[in-house]
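Structural characterization, general
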Amino acid sequence: MTPNVQSFFDDDTNTISYVVSDPATGACAIIDPVLNYDAAAARTATISADRVIDHVRREELNCEWVLETHVHADHLSAAPYVQGKLGGKLAIGDHITITQSVFGEIFNAGPDLPRDGSQFDQLFHDGDSFPLGKMTAHALHTPGHTPACMTYVIGDAAFVGDTMFMPDYGTARADFPGGDARILYRSIRKIFTLPGETRLFMCHDYLPEGRSEHRWETTVAEQKAANIHIHDGVSEDEFVTMREARDAQLGMPKLILPSIQVNIRAGYMPPAEDNGTVYLKLPVNIMGEPQTPPDETRPGTQ
């Protein structure tokens, strides 16, 4: 029950995508593929996704699943592109419907955005199992960062999305719409009930101070012993106080507005308008109060 795991690091977004395969059959799942996006030019590219696709083809793997751990706020998903090239079922947690409802209102999306998760082939419920070749994978609902976060346990490996980071970086923020620090704490403690030797694979690594090389693999035992935010002995109230204070100091991810409105559609762009062009919306001041500089910093008039 030890799958092969190949990682792919996207430098622009510090995101790690994975190809997880059954050694016995060559069946594989692709987790959290990235669509490159130049925000200044509103231009997409498939460089990161093509690396994943090339690996699957080179190793002669059979893609059975394209899995999203959650609706990402820091990169656009390449799931439909990957699925179009390799096949497989596109899946996410069933609480995607909550995220779609919340952000459907924020982006004032019309009837072109169903809020029932129907853009995906499969919606996993907490505890669902699914086949990967001869292996059996399990979906654990681990919300808190977002309502729809899922951890995928495949053999001795677990893919935790943004729920936590490497032990020296800590845990995910919980201040996005639908996030909750207290629920995040409970979700991480749920992951900590897995066997200590379970390999944990992160979705991001941001190089904390004192480390010069990116890392994204750890274990349950290492996280319980050394995670700077939630190691054994940290109470729920202590964690919530820390997490909420930290979140109040964080700025929004630079790609949150384009990412969310694409990713709630399973990685598909909004429908083109009558001129044939696809547009992404930028709702002004929706992610925070407008900021006015002090009078003394305002430009003077001539």
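Residues numbered from 1 in each chain as written. Predicted model: local features only at pLDDT ≥ 70, side-chain atom pairs only at ≥ 80, totals over all residues. Heavy atoms only, no water.

**Brief notes about the layout of surface pockets**
What counts here: Cavity means a closed set of points on a 1 Å grid over the protein atoms alone, one where a 1.4 Å probe fits but cannot get out, pocket means an open set with protein on both sides within 12 Å along at least 5 of 7 lines, and lining means a residue has an atom within 4 Å of a point. Grid points are joined across faces, edges and corners, and a volume is the space filled by probe spheres set on the points. In the scheme used here, Gly and all other residues not listed as nonpolar or charged are polar, with Ala, Val, Leu, Ile, Met, Phe, Trp, Tyr, Cys and Pro taken as nonpolar and Asp, Glu, Lys and Arg as charged.
By volume, the largest pocket amounts to about 430 Å³. Classifying every residue of the lining of the largest pocket by side-chain character gives nine nonpolar, seven polar and seven charged.

**As for the nonpolar core**
Where we set the bar: What is meant by a nonpolar core is a set of buried Ala, Val, Leu, Ile, Met, Phe, Trp, Tyr and Cys residues, joined one to another through side-chain atoms within 4.5 Å. Burial classes follow relative accessibility: with a 1.4 Å probe on protein chains only, a residue under 20% of its type's maximum area counts as buried, one over 50% as exposed, and anything between as partly exposed. For helices the rule is a DSSP run of H or I covering at least 4 residues; for strands it is a run of E covering at least 2, with both sets numbered from the N terminus onward.
Ranked by size, the top nonpolar core spans 36 residues in total, and within it Val19, Ile30, Val56, Val82, Leu86 and Ile260 carry the most contacts. Mapped onto this core, the elements with two or more residues apiece are β3 (27–31), β4 (34–38), α1 (47–58), β6 (62–67), α2 (79–86), β8 (89–93), α3 (96–106) and α7 (256–263). Of all hydrophobic cores here, the second largest spans 22 residues; its members include Ile16, Ala27, Phe124 and Met135.

**A word on the packing of aromatic side chains**
Note the threshold: For Phe, Tyr and Trp, rings pair up if their centres lie within 6.5 Å, where Trp contributes its six-membered ring, and each pair is then called stacked (planes under 30 degrees apart), edge-to-face (over 60) or tilted (otherwise).
In the structure shown here, the tally under the stated rule is 14 aromatic pairs. Centroid distance Tyr18 to Phe201: 5.4 Å. Interplanar angle 70°. Geometry classified as edge-to-face. One end of the pair, Tyr18, is in strand β2 (residues 15–21); the other, Phe201, is in strand β14 (residues 199–201), with 183 residues separating them in the sequence. For Tyr18, a relative accessible area of 2% translates into the label buried. Residue class for Phe201 comes out buried when judged on its relative accessible area of 3%. An aromatic cluster is present here, built from Trp65, Phe124, Phe130 and Tyr152 joined pairwise through their rings.

**Thoughts on the side chain of Asp22**
Note the following rule: Positive: Lys, Arg. Negative: Asp, Glu. His and the chain ends are not part of the count. When a carboxyl oxygen of Asp or Glu is within 4 Å of a side-chain nitrogen of Lys or Arg, the pair counts as a salt bridge. Should any heavy atoms of two residues lie within 4.5 Å, those residues are considered in contact.
Position of Asp22 among the secondary structure elements: in the loop between β2 and β3. Lacking a salt bridge, the buried Asp22 has Lys134 as its closest oppositely charged neighbour, with an N-O distance of 7.0 Å. The residues contacting Asp22, other than those within four sequence positions of it, are Ala27, Leu132, Gly133, Lys134 and Met135.

**Overview of empty space enclosed by the protein**
To find leftover empty space, one rolls a probe the size of a water molecule over the atoms. Scanning the model with the defined rule gives three cavities of 30 Å³ or more in all. Taken as a whole, the largest cavity encloses approximately 80 Å³ of empty space. Lining of the largest cavity is provided by Val71, Ala73, Thr99, Phe103, His145, Thr146, Pro147, Phe176, Pro177, Ile256 and Ile260. Where the lining of the largest cavity is concerned, the elements lending two or more residues are α3 and α7. Looking at the lining of the largest cavity, its residues break down into eight nonpolar, three polar and no charged.

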